[in-house]
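Single-letter residue listing:
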Amino acid sequence: MYQLIKQIIKTGIKTDAAPLPDEALRVTTQRLHEEILHVFGSALNIRHVDAGSCNGCELEIHSLSNAYYNIEGLGIKFVASPRHADMLLVTGPVSRHMVTALRRTFDATPEPKLVVAIGECACNGGIFCSNDGSPDGGGESYASCGRVANVIPVDVVVGGCPPTPTAILQGILTAVSAQKQ
Amino acid sequence: MPINHPNLHLTQLAGAIPAWSGNIKPGDLQPICRNVHDGGGRLVALWGSDDREQGNGYSLHIALVNEAGLVCLSLSLPAGQPGYPDVSSIFPVANRMQRATYDLLGIYAHEGQDHRKWLRHGAWHGGSFPLRKDFDPAPSRTDDADNYHFVQVEGQGVHEIAVGPVHAGIIEPGHFRFSVVGEKMLRLEERFGYTHNGIEKRFESMSLQQGARLAGRVSGDSTVAYAWAYAMAAESIAAVTPPERALWLRALFLERERIANHLGDLGYLGNDVALSFGFTQFWILKEQVLRNNGALFGHRYLMDSIIPGGVAADLTDPGKRTLFEECSLLEREVRVLRGIYEEHAGVQDRFIGAGRIEPRLAAQLGLCGLAGRASSQAWDTRVQFPCAPYDQLDVQMATYRNGDVAARVIVRFDELFESLRLQREILARLMPGGELSLPLEKLPAQGFGAGMVEGWRGEVLVAVHTDTDGNLARVHPHDPSWQNWPAVEHAILGNIVPDFPLINKSFNLSYSGQDL
Ligand code: SF4
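First, a word on scope: everything that follows refers to the structure included in this document. (Residues numbered from 1 in each chain as written. Chains lettered and ligands numbered in written order. Predicted model: local features only at pLDDT ≥ 70, side-chain atom pairs only at ≥ 80, totals over all residues. Heavy atoms only, no water.)

### Let's talk about the site of the ligand
Here is step 1: As a structural note, the neighbourhood of the ligand is formed by Ser 53, Cys 54, Gly 56, Cys 57, Gly 119, Glu 120, Cys 121, Gly 160, Cys 161 and Pro 162 of chain A together with Arg 217 of chain B.
Here is step 2: Mapping the residues near the ligand onto chains gives chains A and B.
Here is step 3: Those elements that provide at least two residues to the shell around the ligand are α2 (56–63) and α4 (120–124) of chain A.
Here is step 4: Looking at the shell around the ligand residue by residue, the classes come out as five nonpolar, four polar and two charged. (Near = heavy atom within 4 Å. Helix = DSSP H or I, 4+ residues; strand = E, 2+ residues; numbered from the N terminus. Nonpolar A, V, L, I, M, F, W, Y, C, P; charged D, E, K, R; others polar.)

### Things to note about the interface of chain B and chain A
Here is step 1: Chain B puts 61 residues into the contact, and the matching count from chain A is 50 residues.
Here is step 2: Both sides together, the interface formed by chain B and chain A hides about 4,400 Å², and carbon and sulfur atoms give 62% of it.
Here is step 3: The three residues of chain B that bury the most area against chain A are Val 166, Ile 170 and Asn 197 of chain B, which together make up 16% of that side's buried surface.
Here is step 4: For the interface between chain B and chain A, the tally reads two salt bridges.
Here is step 5: Applying the counting rule to chain B against chain A returns 26 residue pairs in polar contact (both at pLDDT 80 or more).
Here is step 6: For the side of chain B that touches chain A, the element with the most residues is helix α8 (residues 276–297) of chain B, which contributes eleven residues.
Here is step 7: Of the residues belonging to the side of chain B that touches chain A, the class tally is 30 nonpolar, 18 polar and 13 charged. (Contact = heavy atoms within 4.5 Å. Buried area = accessible area lost by both parts, 1.4 Å probe. Salt bridge = Lys/Arg side-chain N within 4 Å of Asp/Glu carboxyl O. Polar contact = N/O pair within 3.5 Å; in protein donor to acceptor, adjacent residues only side chain to side chain.)

### Some thoughts on the sheet that holds strand β8 (residues 158–163) of chain B
All names here are of chain B.
Here is step 1: Taken in spatial order, the three strands of this open sheet run β8-β9-β10, and their pairing is antiparallel. The outermost strands of the open sheet, each flanked by one partner alone, are β8 and β10 (184–191). Neighbouring strand axes in the sheet, compared pairwise and without regard to direction, differ in orientation by 20° on average.
Here is step 2: Sheet analysis places strand β9 (residues 175–181) next to β10, joined by seven bridges and oriented antiparallel. Considered in β10, the bridge of Phe 176 is made with Glu 190. (Pairing = 2+ DSSP bridges. Axes fitted to C-alpha atoms, helices over the stretch in contact; angles between N-to-C directions.)

### Some details on helix α16 (residues 500–507) of chain B
All names here are of chain B.
Here is step 1: For α16, the tally of buried residues reaches seven of eight residues, placing the bulk of the element in the interior.
Here is step 2: All buried positions along α16 are accounted for by Phe 500, Leu 502, Ile 503, Asn 504, Lys 505, Ser 506 and Phe 507.
Here is step 3: Positive phi shows up at Asn 508, right after α16, with a value of about 40°. (Buried < 20%, exposed > 50% of the residue type's maximum accessible area, 1.4 Å probe, protein only.)

### Digging into the pattern of salt bridges
Residue and element names in this part refer to chain B.
Here is step 1: Following the criterion strictly, the structure yields 39 salt bridges over all chains and no others.
Here is step 2: A salt bridge links Asp 314 to Arg 245; the nearest nitrogen and oxygen atoms lie 3.0 Å apart. Here Asp 314 is found in the loop between β12 (310–311) and α9 (317–343), whereas its partner Arg 245 is found in helix α7 (residues 244–272), with 69 residues between them in sequence.
Here is step 3: A residue is classified by how much of its surface remains accessible, and Asp 314, at 34% relative accessible area, is partly exposed.
Here is step 4: Here Arg 245 falls in the buried class, since its relative accessible area comes to 9%.
Here is step 5: With a shortest N-O distance of 3.6 Å, Glu 425 and Arg 421 are connected by a salt bridge. Note that Glu 425 and Arg 421 are positioned in helix α14 (residues 405–429) at a spacing of four residues, about one turn of the helix.
Here is step 6: Owing to a relative accessible area of 26%, Glu 425 belongs among the partly exposed residues under this scheme.
Here is step 7: Through salt bridges with shared partners, a single network forms among Glu 255, Arg 258, Arg 373, Asp 380, Arg 382, Glu 415 and Glu 454.

### Details of the sheet that holds strand β15 (residues 472–478) of chain B
Residues and elements named next belong to chain B.
Here is step 1: With respect to topology, three strands assemble into an open sheet ordered β13-β14-β15, the strand pairing being antiparallel. The open sheet has two edge strands, β13 (448–454) and β15, and neither has a second partner. Going across the sheet, the axis of each strand differs from the next one's by a mean of 10°, ignoring polarity.
Here is step 2: Two strands pair when backbone bridges link them, and strand β14 (residues 459–466) and β15 are joined in this way by six bridges, in the antiparallel orientation.

Below, the structure is given as structure tokens:
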């Protein structure tokens with residue numbers, strides 16, 4: 001026990017300052033009315049859904065919980081059920097085998113809800129899909145529906161392969177701050 | 001010769017590891033597999049290819065490994081009835097690979113116990129096969145539900161718990177069906193394929209260089225291992241050896257990937273037994289490794305750092321100093337944390353005895369990699385078949401007998417320290433200057449090559465076949481999770497439901513790597 005406490009004291013506080021929201025990340029106009037904004041208050045519950053990623057984006061979402069990014073310190077929590085969530089954080093191109101699960105998760109999330117698409121794949125299908133099909137990318141294949149917006153409505157997209165934890169955090173804060181205006 | 005069999009004529013493949021290839025007849029498949037099995041060898045991978053454009057029907061390919069090296073055998077199958085003798089009766093681990101090969105290519109094992117689909121859910125019809133060259137995605141589309149037949153356990157008080165595909169944590173999707181009595185688990189059945197993205201089909205439309213990027217995204221946490229195995233396969237076909245500096249840097253990247261993942265897992269294993277202190281501490285260390293990767297090599301996970309022909313990132317002298325300092329820091333801190341884990345009664349109480357795989361069962365199941373070594377399966381590609389520069393590094397393999405969560409934790413600690421030692425050694429030997437890569441634009445026609453690399457989870461294999469123009473005709477990436485997932489079904493037997501997350505984490509297997 002002595003070693004454990006000594007280690008905690010020696011480690012100190014590692015947390016970096018949180019990034020500012022970035023309006024450029026927003027892809028939809030404000031979907032939600034001002035009167036429901038206070039619902040979220042200053043705490044946010046997130047449900048993560050991997051809809052077909054390579055697990056690279058998940059690594060960075062895990063990193064958000066480390067002492068440097070300290071996401072819980074900002075009042076943001078990952079929850080086990082979509083029914084407890086305000087926001088879905090979706091990674092990967094949506095594989096056809098995950099479409100039903102993703103739709104059901106979306107439907108189970110109470111209104112008002114936000115969706116943030118994390119990573120190149122979630123934004124436009126990424127390397128798994130050929131992007132020459134449709135004019136604005138988001139290509140499909142026999143196994144994949146491409147970008148998340150092809151399956152459920154998306155509020156904010158965060159590119160990068162994988163995006164850094166700071167970029168993900170910025171995406172989350174952008175989605176939330178839009179509601180606060 | 002690695003395998004002695006009268007009908008077997010093997011040719012040695014060029015390249016970094018001892019590997020051979022050869023063609024066999026259907027009647028010889030089982031005797032050869034039996035021969036390798038009885039000699040202590042294992043099945044690494046099984047895949048198929050559509051060779052009808054060359055007028056040849058289909059082929060089944062298997063990769064076997066024994067103490068002499070890797071042996072890749074091919075079996076031609078008639079286009080009309082592409083069946084082959086069942087291999088899963090000799091190597092049980094072949095079961096899911098055979099079923100997946102049927103789902104994707106329509107070649108099937110005669111006999112065999114289990115003919116249920118594996119990778120296919122509802123996205124395409126049972127009668128159409130994505131990896132056939134004439135596959136047309138449009139008419140094959142369905143939105144059918146999965147309809148998979150789980151095995152049912154009956155008896156008084158037995159009930160089922162269905163978990164997934166969307167899990168309660170930040171995890172990849174997969175389905176687990178538990179049959180339980182009270183808290184005790186009687187049976188677990190896994191159902192995967194949710195993240196099937198059509199990776200193997202995607203390779204076929206890619207150039208050699210694009211393929212390297214895709215290989216590095218089969219399973220994102222093992223990007224270095226996959227990119228190296230892919231490059232190794234390509235370099236084997238082209239019969240070229242990358243510059244020495246590139247090889248040393250590749251080994252540095254691979255060990256850094258192992259360090260980062262082991263740190264992360266050790267943190268989560270503490271977290272799963274309610275010691276959140278462990279998570280906090282180990283993830284501070286992991287973040288420092290990732291930040292150093294980002295600052296020195298341009299990517300936190302080292303994606304796209306390895307390319308066919310060499311590497312795409314270099315290390316400067318100041319960078320070297322940073323990494324030496326990182327080594328000292330990690331060695332010091334991890335030693336303290338290991339002491340805390342070992343002396344924490346609550347932690348040890350949960351670790352010891354949970355999710356045990358006895359060595360005998362591990363051998364039967366063909367368990368490999370880290371989990372295999374925790375159950376006495378002494379296989380480590382860096383030790384048995386050390387490709388350059390591992391031939392100069394004398395890697396010490398970590399093995400343990402107990403096969404429980406505690407053993408998998410100990411192996412992680414041992415390997416972490418060994419990787420830090422290797423990192424020091426590599427840094428000391430990495431002389432300034434020298435080329436980073438040699439030009440490798442295109443591969444020779446109708447070639448075959450295989451690369452095998454010991455990733456942090458286990459051995460990663462990538463096989464590459466080229467067509468008559470030297471383009472990628474077929475690329476098969478194989479994840480060690482194919483071998484180890486079935487073992488999780490055994491590991492949980494008799495344990496209680498709340499220990500499943502801990503046991504599962506102690507293996508930490510890939511979903512995307514096996515869903516492809
Ligand atoms: S964006 Fe990159 S890291 Fe994220 S899932 Fe796609 S390939 Fe993997």
